[in-house]
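# Chain and residue survey
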Amino acid sequence: MPTITLPDGSKKSFDQPVTARQVAESIGPRLAQAALGCKINGELRDLSTLIAGDCSLSIVTEKTGRGGDKQPDPDALFLIRHSAAHVMAEAIQRVVPGVKLAYGPPLATGFYYDMQAPADRPISSGDFEKIEQEIAAIIKEDRPFTRYEVLADEGLAKLRAEGNKFKIDNAEIALAKDAQDAAPDADPLKSHKSLVTPGVSINYRPGCRLSFYATGAPGKNWEDLCRGPHVPSTGRIGAVKVLSLASSYWHGDENSDRLTRVYGTAFASQADMDAHLNQLEEAKKRDHRVIGRQLRLFHIDEDVGQGLILWTPAGSVLRLELMKFISQELEKQGYHQVFTPNIGKLELYKTSGHFPYYKDAQYPAITEPESLSKALAEGCSCAELTNRLEGVSARLAENINKRTGKETIESSRIMADEKLLNGYLLRPMNCPHHIKIFASAPHSYRDMPVRLAEFGTVYRWEQSGELNGMTRVRGFTQDDAHLFCTEDQVPGELLGCLSLVKVVLTTLNMKDYRVRVGLRDPDGKKYTGDPKNWDRAEDACRAAAKSLGVPFTEEPGEAAFYGPKIDFVIKDVIGREWQLGTVQVDYNLPIRFDLSYVGPDNQPHRPVMIHRAPFGSFERFCGVLIEHFAGSFPTWLSPEQVRILPISEKTDGYAQKVLAALKAVGCRATADFSGDRIQAKIKNATDWRIPYLLIVGPKDEEAGKVSIRARGIQKDLGAMGLDEFVAGIKAEIESRGASSVAARFV
RNA sequence: GCCGCUAUAGCUCAGCGGUAGAGCGCACCCUUGGUAAGGGUGAGGUCAAGGGUUCAAAUCCCUUUAGCGGCUCCA
């Protein structure tokens, strides 16, 4: 008979099997009333789950935590949203008859349901109001979520009779997964011919069951194949909102059925819902595309091209300040800055392996005019031109294969020199150029490491549907560097790189990030290089991440094709994650380019390369930065740092004097000489999110002072001597925010 | 790339078969005003581009381009 351990450690024993609800009732009626579900041995379950054996149990209610700061419980939200997905599906089937349901899981901020609408009656956002009305009606009916289980055979027969192939597929996958989990014991397995995929058999355990949830009484009310769990009844769902429509594919496979995905969200209360919707509104206002236009930070022009950023004067200030900042750090860390062109010969990228391996993600090659005319004169077809562009000379293939010790370049790609079509590639990465700088002079172990840095612009053909403002673009500038070092120097150099990223993030007050060590996927085939080198590189990354002293996760499959990496993934205000800074170890390119340095033994040795970019790219970084600060940049980054607002034309002269004093110390200051009244001048300046406003009138002029208004503080802070303010703002800018002029007023 | 939605003045948007509208911004004028919008006048649009239907198209249809929301992808 069950003995149940509660979260506080106390135990309760029962004479016979009990449901979780009964346990809750035995603890207290209020708890039972608030209960939405339970966790049995850490697993989220229905409140109606019958408990027969000993276990630990906690009751899930909508609120957790103690004291005044009550946050919605994530488990409660899971139950509510999973249940809301069912209710929304039922509502949609009422509004749009003939809809076939596919799959409807809860998400971190809501839920969705994938479904197939009849060809002649698509679901549209115009249906939302009616759907929400139906949802409200179902919630009001307060029908219980009733779970029932049937044997696999019976369940499959039932689904077959209903004729929804998505649900049959779901059931078959669930059965197959169950069999796989049970496989080690080699239970006798029963075979079932897939009803969805012809010619496929699915093995499952004979005793295996499928679960269904009826919203009400089985056989009478709406029901759905579902693993559960759910809240006790529809009345417990609280607030539901249908948010948006999107399209998706069955199993995410673009060759499979196209489905309509209906997004919604649900909360325990309308107040929580309102808070969430409000937060979405706020997030929209922070969107870098919106603020970027308001503050004229960047522009994307249809006539220039998708995903190509035009940095306007204000945005360029941001970028230049970041470049200045990183340059100073590079200096401290012993880097050499270099400049290299944005294109290079095709053969260079055949040597590095970028072409044609990643040709789908690159702008097409630029063909050499003479080479092209010659091929055209020969009457080459398009396919043949491509072939000749992608071919390699016997010499190159031999070199690469010899260096890598295997057939890295297949013999089928080898082509006679006179047939090869010469061309150039808009560079997808900066490394080959830096490698050539390293290789242009002999290196002794005494010179190592060689650290070459460049604000290098690269071009990649991102899929058009992926482009997004500044955060996903086709041309971007990395704060890139390549470190050539000895094997022994790898750990130290990795650490140096990581500390650089940390300095950047700390200075910009970006604290919400995680570190990800990207390792190769054991089954992956995309990786190049010797497995032994991979092991060494992965160990070095792991060790470096460890010594950094911040929590990190190891993620197989996240490595670059040429080596493992350490990424800094920043979380923005809306909760999205962005990969910004990255550090990657590379044993592969030094081999392909046959790099060497002379060791103490007077013999050539192979260097190891480290790729790193603390910002990632200026485009993405600035996009995230705009949202991080909501356009209110710290003074050192602000395009306009101070605006002087003369009360009237009478003090225009003094305003000019103040302006000159600020400009003399390199402060980006302007003055508003418009005919507006002071109230309007303040309003306009506020809209531009300028850190400091200096109001100057006759009183200030007489006293040689300026009246200060700081961004975010909606009042006059009082007056300060002009010289004192100039010195203060200079210190604030030069220290990158370590000191503040406004601080002495607040 | 795929699916859906969208495209009207510099910006935000209304108009949705009968010869283009508002607010903000911009220019000029009046106002000389002490802390989040003083008043007036005016300029500015071949309604994304191209094609079609119609007596008539910003409005309906098709194609293209671009944006948005997803899916897939991201060396």
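In the block above lies the structure referred to throughout.
Below is a short write-up of the structure. Residue numbering note: each chain is counted from 1, following its sequence as written. The order in which chains are written sets their letters, starting at A; the order in which ligands are written sets their numbers, starting at 1. pLDDT decides what is reported in this predicted model: residues at 70 or higher carry local features, side-chain atom pairs at 80 or more are listed and counted, and totals for whole chains, interfaces and linings draw on all residues regardless. The basis for every side-chain value is the complete set of non-hydrogen atoms in the structure, without hydrogens or water.

### What to know about helix 19 (residues 652–664)
Operational definition: Counting from the N terminus, the helices are DSSP H or I runs at least four residues long and the strands are E runs at least two residues long. Residue count minus one, scaled by 1.5 Å, sets the expected span of a helix. Per-residue accessibility, obtained with a 1.4 Å probe over protein chains only, is compared with the maximum for each type, and a residue is labelled buried under 20%, exposed over 50%, and partly exposed between these values. Each direction from the helix axis to a C-beta atom contributes to the arc, which is the arc of those directions. Here, two residues are considered to be in contact whenever any of their heavy atoms come within 4.5 Å of each other.
For helix 19, built from 13 residues, the straight-helix expectation of 18 Å at 1.5 Å per residue is met to within 8% by its first-to-last C-alpha distance of 18 Å. For helix 19, every residue scored as buried is listed here: Tyr-654, Ala-655, Val-658, Leu-659 and Leu-662. One side of helix 19 holds all its buried residues, which, seen down the axis, span an arc of 145 degrees. Opposite the buried face of helix 19, by more than 90 degrees, sit the exposed residues Lys-657, Lys-663 and Ala-664. On its buried face, helix 19 is in contact with strand 32 (642–646), strand 33 (669–671), strand 34 (692–696), helix 21 (698–703), strand 35 (705–710) and helix 22 (722–734). One or two positions beyond helix 19, positive phi appears at Gly-666, with a value near 80 degrees.

### A look at the sheet that holds strand 22 (residues 423–426)
Here is the rule we go by: Here a strand pair is declared whenever DSSP counts at least two bridges between the two strands.
Pairing is antiparallel across the open sheet formed by three strands, whose spatial order is 20-22-21. With partners counted over all chains shown, the strands left at the sheet margins are strand 20 (343–345) and strand 21 (366–367), one partner each.

### Describing the pairing of strand 31 (residues 608–613)
The side chains of a regular strand alternate between both faces of the sheet. Among the six residues that make up strand 31, six are buried, leaving the element largely enclosed by the rest of the structure. Burial along strand 31 is two-sided: Val-608, Ile-610 and Arg-612 and Met-609, His-611 and Ala-613, pointing in opposite directions, are all buried. As paired elements, strand 24 (residues 475–485) and strand 31 share five bridges and run antiparallel to each other. Bridged to His-482 within strand 31 is His-611. The pairing of strand 28 (residues 577–586) with strand 31 spans five bridges and is antiparallel.

### A short note on the sheet that holds strand 32
Here is the rule: Axis definition: a line fitted to C-alpha atoms, over the contacting stretch in the case of helices. Angles run 0 to 180 degrees between N-to-C directions.
Pairing is mixed across the open sheet formed by five strands, whose spatial order is 33-32-34-35-36. With partners counted over all chains shown, the strands left at the sheet margins are strand 33 and strand 36 (718–721), one partner each. The average undirected angle you get between the axes of adjacent strands in this sheet is 35 degrees. Sheet topology places strand 32 next to strand 33; three bridges connect them, and they run parallel. Bridge assignment links Val-642 to a residue of strand 33, and that residue is Ala-669. Its contacts with the sheet put helix 19 on strand 32, strand 33, strand 34 and strand 35, and the angle it makes with strand 32 is roughly 165 degrees. Across the sheet, helix 20 (residues 678–687) lies against strand 32, strand 34 and strand 35, angled at about 170 degrees from strand 32, the strand it touches most.

### Points about the packing of aromatic side chains
Heads up, the condition is: The aromatic pairing rule takes the rings of Phe, Tyr and Trp, using the six-membered ring of Trp, and pairs them if the centres are within 6.5 Å, calling planes under 30 degrees apart stacked, those over 60 edge-to-face and the rest tilted.
This model, assessed by the stated rule, comprises 14 aromatic pairs. Ring geometry for Phe-325 versus Trp-636: centroids 5.6 Å apart, planes at 75 degrees, classification edge-to-face. Highlighted residues: Phe-325 in helix 9 (residues 313–332) and Trp-636 in the loop between helix 18 (618–629) and strand 32, separated in sequence by 311 residues. Take Phe-325 and Trp-636: they sit in the same class, and that class is buried. Ring centres 5.0 Å apart and planes at 85 degrees place the aromatic pair Tyr-363 and Trp-461 in the edge-to-face group.

### Some thoughts on the pattern of salt bridges
Where we set the bar: Think of a salt bridge as a Lys or Arg side-chain nitrogen and an Asp or Glu carboxyl oxygen that are within 4 Å of each other.
Summed over all chains, the structure comprises 42 salt bridges. Note that Arg-261 is salt-bridged to Asp-114, the shortest N-O span being 2.7 Å. Here Asp-114 lies in strand 9 (residues 111–116) and Arg-261 lies in strand 16 (residues 258–267), a separation of 147 residues in the sequence. Glu-493 is paired through a salt bridge with Arg-451; the nearest N and O atoms lie 2.8 Å apart. Residue Glu-493 is found in helix 15 (residues 490–507), and its partner Arg-451 is found in strand 23 (residues 450–459); the two are separated by 42 residues along the sequence. Across the pair, exposure class does not vary: Glu-493 and Arg-451 are buried alike. Linked by salt bridges that have partners in common, Glu-90, Arg-94, Glu-134, Glu-141 and Arg-143 make up one network.

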